[in-house]
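# Summary of the model geometry
Given next are the chains, with one letter for each unit.
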Amino acid sequence: MILVTGGAGFIGANFVLDWLATTAEPVVNLDLLTYAGNLCNLHSLAGDARHVFVRGDIGDEAHVAALLREHRPRAIVNFAAESHVDRSIRGPAAFIDTNIVGTFKLLEAVRAWWTALPAAPRAAFRFVHVSTDEVYGSLAPTAPGFSETTAYAPNSPYSASKAASDHLVRAYHHTYGLPTLTTHCSNNYGPRQFPEKLIPLMIVNALAGRPLPVYGDGQNVRDWLYVGDHCSAIRVVMAGGCPGETYNIGGDAEMTNVDVVREICTILARTRPGPDYASLVTYVKDRPGHDRRYAIDAAKIRDQLHWSPEETFASGLERTIRWYLANDSWLESVATKDYRKWITLQYAKDVSVR
Ligand code: NAD
Ligand code: DAU
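Sequence order sets the numbering: in each chain, residues are counted from 1 along the sequence as written. Both sets of labels track the order of writing: A upward for chains, 1 upward for ligands. Per-residue local features of the predicted model are confined to residues with pLDDT of at least 70, and side-chain atom pairs are confined, for both listing and counting, to 80 or more; whole-chain, interface and lining totals are unaffected and use all residues. The basis for every side-chain value is the complete set of heavy atoms in the structure, and neither hydrogens nor water enter the calculation.

### Considerations on the overall build of the protein
We count it as follows: Secondary structure follows DSSP: runs of H or I at least 4 residues long count as helices, runs of E at least 2 residues long count as strands, and numbering of each begins at the N terminus. Each radius of gyration is computed over the set of C-alpha atoms, and the globule rule expresses the reference value as 2.2 Å times the number of residues to the power 0.38. Relative accessibility thresholds used throughout: buried, under 20% of the residue-type maximum; exposed, over 50%; partly exposed, between the two (1.4 Å probe, protein chains only). Residue contacts are counted whenever heavy atoms from the two residues lie within 4.5 Å of one another. Per-residue accessibility takes into account occlusion by the displayed protein chains alone, with areas from the Shrake-Rupley method and a 1.4 Å probe. Lys and Arg are tallied as positive, Asp and Glu as negative. Neither His nor the chain termini are counted. Think of each charge as sitting on NZ of Lys, CZ of Arg, CG of Asp or CD of Glu.
Helices and strands together make up the secondary structure of the protein, namely 13 helices and twelve strands. Taking 20 Å as the expected radius of gyration for a compact globule of 354 residues, we find that the protein reaches 20 Å, a close match to that expectation. For the C-alpha atoms alone, the extent of the protein along its principal axes is close to 65 × 45 × 35 Å. The proportion of buried residues among the 354 residues of the protein is 55%. Within the protein, contacts between residues separated by at least 24 positions form 82% of all contacts whose residues are at least 6 apart in sequence. Approximately 14700 Å² of the protein is accessible, and the part contributed by carbon and sulfur atoms is 54%. When the 34 basic and 37 acidic side-chain charges of the protein are each reduced to a single mean position, those positions are 4 Å apart.

### A closer look at the side chain of K162
To be explicit about the condition: The term salt bridge refers to a pairing of a side-chain nitrogen on Lys or Arg with a carboxyl oxygen on Asp or Glu at a separation within 4 Å.
In this structure, K162 sits in helix α6 (residues 157-176). No salt bridge is formed by the buried K162. Its closest oppositely charged neighbour is D166, at 5.8 Å. Leaving out residues up to four positions away in the same chain, K162 has contacts with A81, N99, V130, S131, T132 and V135.

### Some words on the nonpolar core
Inside soluble globular proteins, nonpolar side chains tend to come together where they are buried. As a reminder, the rule being used: Residues enter a nonpolar core if they are buried and are Ala, Val, Leu, Ile, Met, Phe, Trp, Tyr or Cys, with the set joined through side-chain atoms within 4.5 Å.
One finds I199, I264, F313, L317 and I321 to be the most contacted residues of the largest nonpolar core, which totals 37 residues. Mapped by element, the contributors of at least two residues to this core are α7 (198-207), β8 (212-215), β9 (221-226), α9 (257-271), α11 (313-326), α12 (328-334) and α13 (337-347). Other than its neighbours up to four places away in sequence, I264 contacts I199, M202, I203, L317 and I321.

### Considerations on the packing of α7 against α9
Each pair of packed helices can be summarised by the angle the axes make with each other and by the distance between the axes. Let me state the cut-off plainly: Note on geometry: axes are C-alpha line fits, over the in-contact stretch for helices, and angles between N-to-C directions span 0 to 180 degrees. An angle below 35 degrees is treated as roughly parallel, one above 145 as roughly antiparallel, one from 65 to 115 as roughly perpendicular, and anything else as oblique. The crossing is said to be left-handed when, going from far helix to near helix, the turn is anticlockwise and less than a right angle, and right-handed when the turn is clockwise. Residues are sorted three ways: Asp, Glu, Lys and Arg are charged, Ala, Val, Leu, Ile, Met, Phe, Trp, Tyr, Cys and Pro are nonpolar, and all the rest, Gly among them, are polar.
Packing of α7 against α9 brings their axes to within 10 Å, and their N-to-C directions diverge by 45 degrees. Comparing their axes, α9 and α7 come out oblique. Once α7 is placed against α9, the crossing between them reads as right-handed. Contacts between α7 and α9 pair L198, I199, M202, I203, A206 and L207 from the former with N257, V260, V261, I264 and L268 from the latter. Along the lines of polarity and charge, the residues of the contact of α7 with α9 split into ten nonpolar, one polar and no charged.

Written out as structure tokens, the structure is:
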């Protein structure tokens, strides 16, 4: 079996669902269920003995050690993290605790257990660390995309904490020989993404007739990848990647933020005719330290592991919006008091939540 951490969050849950839809191999899913973790993401697995959910912290070394002894996974995929840049700007401490100290404790538990394995499972074991393209910093408008040799230059507390965790993972391979693989993916979107991130926030605000808050001039550029394509990339890295290596993953779909928001409005106008969604676009105060542009050179994973995305941005966005339109009860499950508090704090007068 494999152990997935953070498997109740957006990408982790999609990964677990896709995994169990494509293989028979069981999954132990360790997740702390922070504000971003949601068991509704996994409700379709109720009664499926191949999925074992465990509530817990990657930073609880004794708990992780006990899980490793009990389940003896052949691989670990580490998704668990604090993941939202804006929250890291308002309160970096949780990012240090989970992304840096938590990853360290997880590595320590794994190292102790893995060192004692017999030679064959020890050699076959894999630790996949899911990192981000944000560790490379920000690109000039016409600069080539980030490659695996681009120097680290993280600019937010979030990306700095992910960079620190990447360095620990790298060191555990170099020093102890732990068979680690690190992935750097661009912006994901798709079903089950918490509506604090750009695309789901715009969808839920538009449906509620609320303003669509675009930071700064709206010309920041991100490369977008459908979550299912990120999950397939992680599967190929786990199966065929070379221990100690890093792999960049991207969708070859660079867009300005305001173009993303306009595209959402266009699809909504067709699928849920209603108000003039585009008129809800509101330019608001910029994010401090806002990275201008991310782009990915995914040649390594494409050439060495023969991975490429299946969805285009247009097809993936349409699929995503249709999922949100069809999943009212999921939207209700995330519209908590805490969520409303976050929106009020972050957007103050720009976007009031009724
Ligand atoms: P998310 O915030 O939706 O989910 C994170 C999950 O981790 C939640 O279920 C949460 O409960 C859990 N968690 C948090 N702290 C934990 C802890 N201490 N122990 C156990 N579980 C804990 O995040 P996401 O968007 O699904 O991102 C998953 C991973 O992918 C993160 O490591 C993130 O840095 C990385 N990543 C995200 C994107 C993106 O666009 N969302 C792109 C590239 C990489
Ligand atoms: O690049 C990968 C990263 O993508 C991941 O590592 C992070 O976990 C993930 O959150 C994401 O980070 P971003 O900061 O790029 O994503 P976010 O959805 O928060 O913002 C995308 C862009 O949209 C960014 O330029 C900021 C802008 N934005 C965001 C929000 C929430 C707005 O203009 N308005 C908003 O309200």
